[in-house]
Amino acid sequence: MGLFHSKAGSLQESWEKFLSEEDIVALERQGCDMSEQRAILYAQSLPSNRLFQRKGKTKDVSFSHINLERLDPYKKTPRSMESNFFRDISGNPPIFGKERWLRQLAEAPIVYAAVVQADSSFWEPGSRHYYPAVFVFATDKRHCYDLHWLRETVDRIIEMKNFDRVPIDCQELIENIRDDMSEFCFPLGNSLSDGADAWCATYKFAKQSLLPGKCLPSNGVLPFLLEKPPRYNRLVQFKMIPSIYYME
């Protein structure tokens, strides 16, 4: 971005560190790409516990390298089982119930999910196994691809996590989010959902190497195939989408 690249690196980092939301909005209106600065501001707003910290300027995947619109051709269902996309998603089908499982994947919707909290190491390239992260996502057509709604909902959840008094419809969710060892899947109460059919769930990545660039993207949003509709306090049935389908 011209405004920052024209200055020395140390000065750039200093300015980025103290940019406010208003500053970022003003620069975006001038046509500047502020995705990395938004990620820095977002990280600074999070509580200083181990699950949230992002120290220094990590070499993570910039939001500018991700183009979720590339997934548009694969959103329509039922999708072809003969496509490379379907074959890459399905991998090796189970021996029993193969046909039913394949049909289920052909009908499974793509949803966007945003990180609410994750281990700090997930923001840097790595090769860890079965690391959990907490995501929020929506299943209704109006919100399931709405990045603005996702960002605002994550902010509301994090803010509510620090409330002394939590609304009744969100108490169970917030209690579990406060427990770093908890694994859950809960619908969002109306106090958080803004009218969306929204859920917050823990998901464990079998391999960190499956992530784009082997780490979480800087805006914290990932696309998943939702194999089955989410159910109260049952493991969320996400299936990862290979990053080649949404990376530039």
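Residue positions are counted from 1 within each chain, in the order its sequence is given. With pLDDT at 70 or above as the cut-off, local features in this predicted model cover only qualifying residues; side-chain atom pairs require 80 or more to be listed or tallied, and sums for whole chains, interfaces and linings still use all residues. Side-chain numbers come from the whole structure's heavy atoms, not from hydrogens or water.

(A) Seen up close, the overall build of the protein chain. Across its full length, the protein chain carries nine helices and six strands. Each residue gets one of three labels from its accessible area relative to the maximum for its type: buried under 20%, exposed over 50%, partly exposed in between, using a 1.4 Å probe on protein chains only. Sorting the 248 residues of the protein chain into buried and exposed places 46% on the buried side. Whether two residues touch is decided by their heavy atoms; if any such pair falls within 4.5 Å, the residues are in contact. Across the protein chain, the fraction of contacts at a sequence separation of at least 24, relative to all contacts at a separation of at least 6, is 65%. About 13700 Å² of surface is accessible on the protein chain, with carbon and sulfur atoms providing 50% of the total. Where helices and strands are cited, they refer to DSSP runs of H or I of at least four residues and of E of at least two residues respectively, numbered from the N terminus. What sets the accessible areas is the Shrake-Rupley method with a 1.4 Å probe; for residues, cover comes only from the shown protein chains.

(B) Geometry of the pairing of strand 2 (residues 131-138). With six of eight residues buried, strand 2 is to be regarded as a mostly interior element. Any two strands are treated as partners once DSSP identifies two or more bridges connecting them. Bridging between strand 1 (residues 110-118) and strand 2 involves five bridges; their strand directions are antiparallel. Each bridged residue has a counterpart across the sheet, and for Ala-113 the counterpart in strand 2 is Phe-137. Pairing of strand 2 with strand 4 (residues 198-205) involves eight bridges; the strand directions are antiparallel. Bridge assignment links Pro-132 to a residue of strand 4, and that residue is Lys-204.

(C) Highlighting the side chain of His-143. Mapped onto the secondary structure, His-143 falls in the loop between strand 2 and helix 7 (147-161). Under the relative-accessibility criterion, His-143 is labelled buried at 4%. A distance of 2.6 Å separates the side chain of His-143 from the side chain of Asp-140, its partner in a polar contact. Residues within four places of His-143 in sequence aside, it is in contact with Ala-138, Trp-149, Asp-194, Gly-195 and Ala-196. Between N or O atoms, a polar contact is any pair within 3.5 Å; within protein, one atom must be a potential hydrogen donor and the other a potential acceptor, and residues adjacent in sequence are included only when both atoms are from side chains.

(D) Quick look at unusual backbone geometry. Between Thr-77 and Pro-78 the backbone carries a cis peptide bond, its omega angle lying at 0°. Note that Pro-78 resides in the loop between helix 4 (35-45) and helix 5 (84-90). Of note, Asp-194 is a non-glycine position whose phi angle comes to about 55°, a positive value. Unlike most non-glycine residues, Lys-214 shows phi in positive territory, near 65°. You can see Lys-214 is positioned in the loop between strand 4 and strand 5 (221-226). We classify Lys-214 as partly exposed; its relative accessible area is 43%.

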